[in-house]
Amino acid sequence: MPAQTSQTSHGSPRFLAACAVTFLLFVIACNAIADAPREITMGLVQKIFYFHVPCAWLLMLSTLVCAGGSVAYLFGGSERGDRVALSAAELGVLFGMCVLVSGPLWAKAAWGVYWQWEARLTSSLLLWLMLLAYVLARRYGGPSARRLAAALALFAAIDIPLVYFSVRFFRSIHPSNTVVSTLGPGMRGAFWLSLLAFTVLWSVLLAARLAVESAQARLVDLEILLDQAEEKKT
Amino acid sequence: MKMVALAYGFIWLAVFGYVFLVGRRLGKLNGEMDELRRRIDRLKS
């Protein structure tokens with residue numbers, strides 16, 4: 001047990017190195033964002049884009065990983081898959097919340113309103129609500145809610161193409177998916193750096209959350225073994 | 001400027017809040033580990 005504990009410890013050199021790399025990437029990305037030229041029509045408010053889009057990407061990535069883990073748990077009985085799914089769902093809720101707050105702040109400046117019930121915004125809200133339902137079911141539903149939550153994760157994954165292609169298939173005022181390719185050179189570098197920094201942050205958070213969840217599962221197993229040993233002794 | 005500051009501020013607050021929550025869970029887990037160690041020691045003696 002001590003060897004396993006040290007492998008998953010948040011104080012391990014590998015984890016601290018990953019944190020340092022993430023911090024460094026964010027310093028570089030924030031510098032690039034600050035140096036990036038201002039967009040002509042929107043001005044400074046366009047800089048929300050550099051954080052908003054990576055958060056949207058992480059919302060979708062989290063949902064995919066959550067669905068993958070849920071498939072492994074539902075059809076293969078993988079406990080690790082279940083733990084990955086729960087950790088990814090929490091991150092999906094976190095980054096989804098960031099998307100749903102930063103987007104309306106940009107919209108207020110660009111469209112004059114915080115919210116429009118149009119396809120991209122509504123499907124993103126739906127995706128976030130499904131992930132939130134997953135996390136709440138896991139938190140308060142007890143052990144029997146694990147399979148139900150896993151099925152919910154699969155429904156959430158079905159919503160991803162709807163979110164991504166909504167601007168193409170429905171009449172939408174949201175900027176299209178090709179907006180990244182239209183960015184100027186100074187803006188494009190800042191965007192990709194920000195996307196990289198956020199993705200590394202997501203990986204570090206997922207590893208940390210997964211380590212806590214795995215340690216918790218091992219602890220429960222050990223407690224059961226210890227209960228049995230204590231009963232035998234008495 | 002206000003909108004940009006609000007957006008960036010919220011995202012950082014949310015991320016740090018999450019890190020704090022994970023840290024708190026880890027602290028709780030360490031407490032449970034200590035309790036388990038005590039039980040093992042009692043069982044040994």
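Keep in mind that this is a model prediction, so the values were computed, not measured. (Residues numbered from 1 in each chain as written. Chains lettered and ligands numbered in written order. Predicted model: local features only at pLDDT ≥ 70, side-chain atom pairs only at ≥ 80, totals over all residues.)

1. Quick word on the overall build of chain B
Helices and strands together make up the secondary structure of chain B, namely one helix and zero strands. Among the 45 residues that make up chain B, the fraction classed as buried is 7%. (Helix = DSSP H or I, 4+ residues; strand = E, 2+ residues; numbered from the N terminus. Buried ≥ 20, exposed ≤ 12 C-beta atoms within 10 Å, placed from the backbone.)

2. Topic: the overall build of chain A
For chain A, the helix and strand inventory stands at seven helices and zero strands. Along the first, second and third principal axes, the C-alpha set of chain A runs to 80 × 40 × 25 Å. Classification of the 234 residues of chain A by burial places 38% in the buried group. Expressed as a percentage of contacts within chain A between residues at least 6 apart in sequence, the contacts between residues at least 24 apart total 77%. (Contact = placed C-beta atoms within 7 Å.)

3. What to know about helix 6 (residues 145-169) of chain A
Residue and element names in this part refer to chain A. Along its 25 residues, helix 6 runs 35 Å from first to last C-alpha, staying within 8% of the 36 Å computed at 1.5 Å per residue. All buried positions along helix 6 are accounted for by A149, A150, L152, A153, A156, A157, D159, V163, S166 and V167. Summarising the contacts, the buried residues of helix 6 are in contact with helix 3 (49-76), helix 4 (79-110) and helix 5 (119-140). (Expected span 1.5 Å × (residues − 1).)

4. Focus on the interface of chain B and chain A
At the interface, 20 residues of chain B touch 29 residues of chain A. Residues belonging to the side of chain B that touches chain A are distributed by class as follows: 17 nonpolar, no polar and three charged. (Nonpolar A, V, L, I, M, F, W, Y, C, P; charged D, E, K, R; others polar.)

5. Observations regarding the nonpolar core
One finds C55, A153 and A156 of chain A to be the most contacted residues of the largest nonpolar core, which totals 63 residues. When residues of this core are traced back to their parent elements, those giving at least two are helix 2 (13-35), helix 3, helix 4, helix 5, helix 6 and helix 7 (185-233) of chain A together with helix 1 (2-44) of chain B. In this structure A153 of chain A touches C66, A67, S70, A85, A89 and Y134 of chain A, once residues within four positions along its chain are discounted. (Core = buried A, V, L, I, M, F, W, Y, C linked by C-beta atoms within 7 Å.)

6. Regarding the confidence of the model for chain A
On average, residues of chain A carry a pLDDT of 89, and 95% of them reach 70 or more. Within chain A, the lowest mean pLDDT, 43, falls on helix 1 (residues 2-8) of chain A, and the highest, 96, falls on helix 3 of chain A. (pLDDT = per-residue confidence, 0-100.)

7. Notes on the packing of helix 2 of chain A against helix 7 of chain A
All names here are of chain A. Close contact between helix 2 and helix 7 brings their axes to 9 Å; oriented N to C, the two are set at 155°. One way to sum up the angle between helix 2 and helix 7 is to call them roughly antiparallel. At the point where helix 2 passes helix 7, the crossing takes the left-handed sense. On the side of helix 2, the interface is formed by A18, C19, V21, T22, L25, F26, I28, A29, A32 and I33, while helix 7 contributes G189, A190, L193, S194, L196, A197, V200, L201 and V204. Among the residues forming the contact of helix 2 with helix 7, the class breakdown is 16 nonpolar, three polar and no charged. (Axes fitted to C-alpha atoms, helices over the stretch in contact; angles between N-to-C directions. Parallel < 35°, antiparallel > 145°, perpendicular 65-115°, else oblique. Left-handed = near helix turned anticlockwise from the far one by under 90°.)

8. Let's talk about the environment of S172 of chain A
Residue and element names in this part refer to chain A. Residue placement: S172 occurs in the loop between helix 6 and helix 7. In this structure S172 comes out as partly exposed when scored by C-beta crowding, with 16 C-beta atoms within 10 Å. The spacing of S172 and W117 is 55 residues in sequence and 9.6 Å in space, taken between C-alpha atoms. Leaving out residues up to four positions away in the same chain, S172 has contacts with E118, A119, R120, S166 and V167.

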